[in-house]
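Overview (structure and organization)
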Amino acid sequence: MDYTIFMVMIGSSLVGCVSGALGSFAVLRKQSLLGDAISHAALPGIALAFLITMAKSPMIFMAGAMIAGWIGTMLVMAIVRHTVIKEDAALGMILSVFFGFGLVLLTLIQRLPTANKSGLTHYLFGSAATLLLEDVKAMCLMGVVTLAGLFLFWKEFKLFTFDKDYATALGFPVKRIELILTLLTVTAIVMGLQTVGVILMSAMIIAPAAAARQWTDRLWLMVVLSAVFGAVSGLSGALLSGFVAQLPTGPTIVLIMSAIVLISLLFAPNRGMIWEWFQRRQETKLLRQKLMEKHKS
Amino acid sequence: MTPPAVAVKDLTLAYRDTPVLWDIDITIPQGVLLAIVGPNGAGKTTLIKAILGLLKPAAGKVEILGKPYQQQIKKVGYVPQRGTVDWDFPTDALDVVLMGRYGHLGWFKRPGKKDYALALDALDRVGMADFASRQISQLSGGQQQRIFLARALVQDAQIYFMDEPFVGVDAATEKAIVTLLKELRKQGKTVIVVHHDLQTLKEYFDWALLLNVHQIAIGPVEEVITSDNLRKAYGGRSAFFVS
Ligand SMILES: Nc1ncnc2c1ncn2[C@@H]1O[C@H](COP(=O)(O)OP(=O)(O)O)[C@@H](O)[C@H]1O
Ligand SMILES: [Mg+2]
């Protein structure tokens with residue numbers, strides 16, 4: 001098989017898998033904006049990493065993205081804790097300030113007279129075709145660490161997500177648990193930036209999990225399904241964008257993901273809209289029958 | 001001499017500038033069934049949360065069986081208000097009850113055979129044995145409340161705090177809870193319950209704490225529930241409750 005295609009397949013399915021798994025907890029904590037804030041906040045980190053090192057190395061970019069994404073998240077937490085500003089407003093603020101700053105830096109970099117600046121704009125919408133062996137190696141490492149963390153802290157994350165006060169009363173250090181969960185989420189997001197791009201990466205966190213929730217009432221199954229949905233859309237989107245149509249990878253992946261979400265919202269048993277509509281119709285019918293029988297007797 | 005179950009000394013707590021608890025000073029002996037009573041917004045939930053270390057008081061200290069809460073965590077069971085969690089969380093009744101064991105397990109460890117046995121037993125005690133594998137969103141309010149009680153039971157504690165367990169439950173659940181409370185007391189446990197209904201106070205509890213930001217009275221129910229005290233707690237509104 002073509003070496004490039006192979007790298008793209010591994011990289012993009014890994015991104016979908018890890019972000020899908022971690023995204024389940026973001027969705028259950030109703031923190032859909034957190035992924036958005038982290039990924040957008042990563043942009044200035046990538047730009048600064050380039051400006052400081054003048055090297056076009058995805059590893060260095062990831063490090064920059066990680067630091068900036070982490071600083072952004074910590075700022076959100078600090079704002080919520082020490083001011084009257086609510087979490088969604090704080091997330092929105094950090095998101096736009098960091099992203100705006102990142103765009104300014106990108107524009108500056110475009111004006112620099114260096115030759116190797118073109119790769120940076122890929123981070124806006126993602127480009128799976130640019131994945132190299134060293135990138136995929138780094139992504140594998142991050143993915144393994146993230147999934148291992150999820151497995152290790154499974155019980156703690158579940159308890160914390162379901163009932164934070166109870167977790168505290170049981171003596172669990174919830175602040176530390178929240179920090180670890182956030183750190184893993186940041187890692188999952190940073191891992192996918194090169195493939196999916198900062199603008200749409202949050203969809204990879206939210207969409208697979210939202211779709212998976214439709215099909216199951218068990219947490220572990222939701223996480224597994226979400227990882228599978230993420231991997232499938234990551235893989236097919238990356239292949240489609242890179243080798244069939246010349247499209248940016250992020251939007252292509254997200255379009256496929258959206259189709260999965262739509263199908264799940266409509267057709268999933270129990271929670272799907274069509275299922276609900278059908279249930280309601282059946283119930284009305286039964287009720288009507290009962291009433292008729294009553295009238296007759 | 002045995003230490004009191006709960007000792008709160010000069011506790012004051014405020015949300016920003018608004019004091020919610022003012023100079024609370026109470027001693028709850030072991031083995032009583034105590035109701036915390038007071039109007040909405042009196043600070044009942046806040047008091048429980050302060051005792052459990054969920055909220056930081058501006059002043060004062062709390063002791064459980066003579067030591068700070070952090071050293072007595074395993075001796076305390078907690079039933080939060082039912083409405084504080086999202087019941088659409090993807091899990092079943094048994095799994096929620098198992099959470100009561102997590103404190104005993106420590107980091108990384110998963111519940112084992114013994115924990116499952118305890119959880120099933122607790123479900124049985126609250127009359128929910130047949131609902132172990134039921135998705136929690138498919139439970140009625142009363143059933144959800146019983147799940148929360150079962151979760152606290154498997155903590156195997158000495159002192160239980162329950163926040164409004166009787167609110168929004170059916171008559172059968174109310175009976176089941178009362179039976180459970182009496183059972184716990186028979187085992188020598190201390191149970192502290194936020195309660196709303198002054199009518200059933202004497203029937204269900206032996207001690208009461210009347211609270212409205214300030215502590216108004218604490219002691220055996222008959223001594224606490226006087227028309228004078230009630231007027232202090234509720235203003236004129238409650239006069240008709242007292243016969
Ligand atoms: N997180 C909070 N921030 C600000 N004020 C609060 C918060 N929680 C409760 N309060 C206020 O504290 C007071 C006591 O609340 P609470 O302890 O819940 O009362 P109770 O449980 O007796 O009904 C109320 O006036 C309430 O509005
Ligand atoms: Mg309350």
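This is a predicted model, so every value here is computed, not measured.

A separate point is the overall build of chain B. A tally of regular secondary structure across chain B gives nine helices and nine strands. In terms of principal-axis extent, the alpha carbons of chain B reach across some 50 × 40 × 40 Å. Among the 243 residues that make up chain B, the fraction classed as buried is 54%. Taking contacts inside chain B between residues at least 6 apart in sequence as the whole, the part at least 24 apart equals 69%.

In this assembly, 34 residues from chain B lie in contact with 30 residues from chain A. Counting the surface lost from both chain B and chain A, the interface buries some 2,900 Å², and carbon and sulfur atoms represent 62% of this. If you sort the residues of chain B by the area they bury against chain A, F89, P90 and W107 of chain B come out on top, with a joint share of 24%. For R271 of chain A, the salt bridge goes to D88 of chain B, with nearest N and O atoms at 2.8 Å. On inspection of chain B and its partner chain A, the count reaches 17 residue pairs in polar contact (both at pLDDT 80 or more). The set of elements that each furnish at least two residues to the side of chain B that touches chain A consists of α2 (93-98), α3 (102-105) and α5 (141-153) of chain B. Its residues assigned to classes, the side of chain B that touches chain A shows 18 nonpolar, seven polar and nine charged.

Residue and element names in this part refer to chain B. Around ligand 1, a shell composed of Y15, V20, P39, N40, G41, A42, G43, K44, T45 and T46 is seen. The side chain of Y15 places a nitrogen or oxygen atom 3.3 Å from a nitrogen atom of ligand 1. Contact distances for ligand 1 include 2.8 Å between an oxygen atom and a backbone N or O atom of G41. Notes on ligand 1: free accessible area 560 Å², of which the protein chains cover 54%.

Another aspect to go through is the nonpolar core. Membership of the largest hydrophobic core comes to 167 residues, with the highest contact counts inside it found for V6, L47, F161 and F205 of chain B. By residue number, the principal contributor to this core is helix α9 (residues 174-196) of chain A, which donates eleven residues. In this structure L47 of chain B touches L11, L21, I24, I26, I36, L209 and L211 of chain B, once residues within four positions along its chain are discounted.

Residue and element names in this part refer to chain A. A contiguous nonpolar patch, built from W215, I263, F267 and I274 and spanning about 380 Å² of accessible area, is present on the exposed surface. Along the chain, F267 turns up in helix α12 (residues 249-267). Residue classification places F267 among the partly exposed residues on the basis of a relative accessible area of 48%.

Thresholds applied
Along each chain, the written sequence defines residue order, and numbers are assigned to residues from 1. Chains and ligands are labelled sequentially in the order written, the chains with letters from A and the ligands with numbers from 1. Confidence filtering applies because this is a predicted model: local features only for residues at pLDDT of at least 70, side-chain atom pairs given and counted only at 80 or more, and all residues used for totals across whole chains, interfaces and linings. Excluding hydrogens and water, the side-chain figures rest on all heavy atoms present in the structure. Helix numbers and strand numbers start at the N terminus; a helix is a DSSP run of H or I with at least 4 residues, a strand a run of E with at least 2. Summary of the burial criterion: residues with accessible area below 20% of their type's maximum are buried, those above 50% are exposed, and those between are partly exposed, where the area comes from a 1.4 Å probe applied to protein chains only. In this analysis, two residues are considered to be in contact whenever any of their non-hydrogen atoms come within 4.5 Å of each other. Defined here as a combined quantity, buried area equals the accessible surface (1.4 Å probe) lost by two parts on assembly, summed across both. The working definition used for a salt bridge is a side-chain nitrogen of Lys or Arg within 4 Å of a carboxyl oxygen of Asp or Glu. Two N or O atoms form a polar contact when they lie within 3.5 Å of each other; inside protein one atom must be a possible hydrogen donor and the other a possible acceptor, and for residues adjacent in sequence the pair counts only when both atoms belong to side chains. Amino acid classes used here: Ala, Val, Leu, Ile, Met, Phe, Trp, Tyr, Cys and Pro are nonpolar; Asp, Glu, Lys and Arg are charged; the rest, including Gly, are polar. In this text, near means that some heavy atom of the residue lies within 4 Å of the molecule or strand in question. A 1.4 Å probe and the Shrake-Rupley method give the accessible areas. Residues count as covered only by the protein chains that appear here. Definition used in this section: a nonpolar core is a set of buried Ala, Val, Leu, Ile, Met, Phe, Trp, Tyr and Cys residues joined via side-chain atoms within 4.5 Å. Patch criteria: residues need more than 30% relative accessible area and no salt bridge. Like-charged residues are merged within 9 Å; nonpolar side chains of Val, Leu, Ile, Met, Phe, Trp and Tyr are merged within 5 Å.

The values reported here are purely geometric and, on their own, carry no functional implication.
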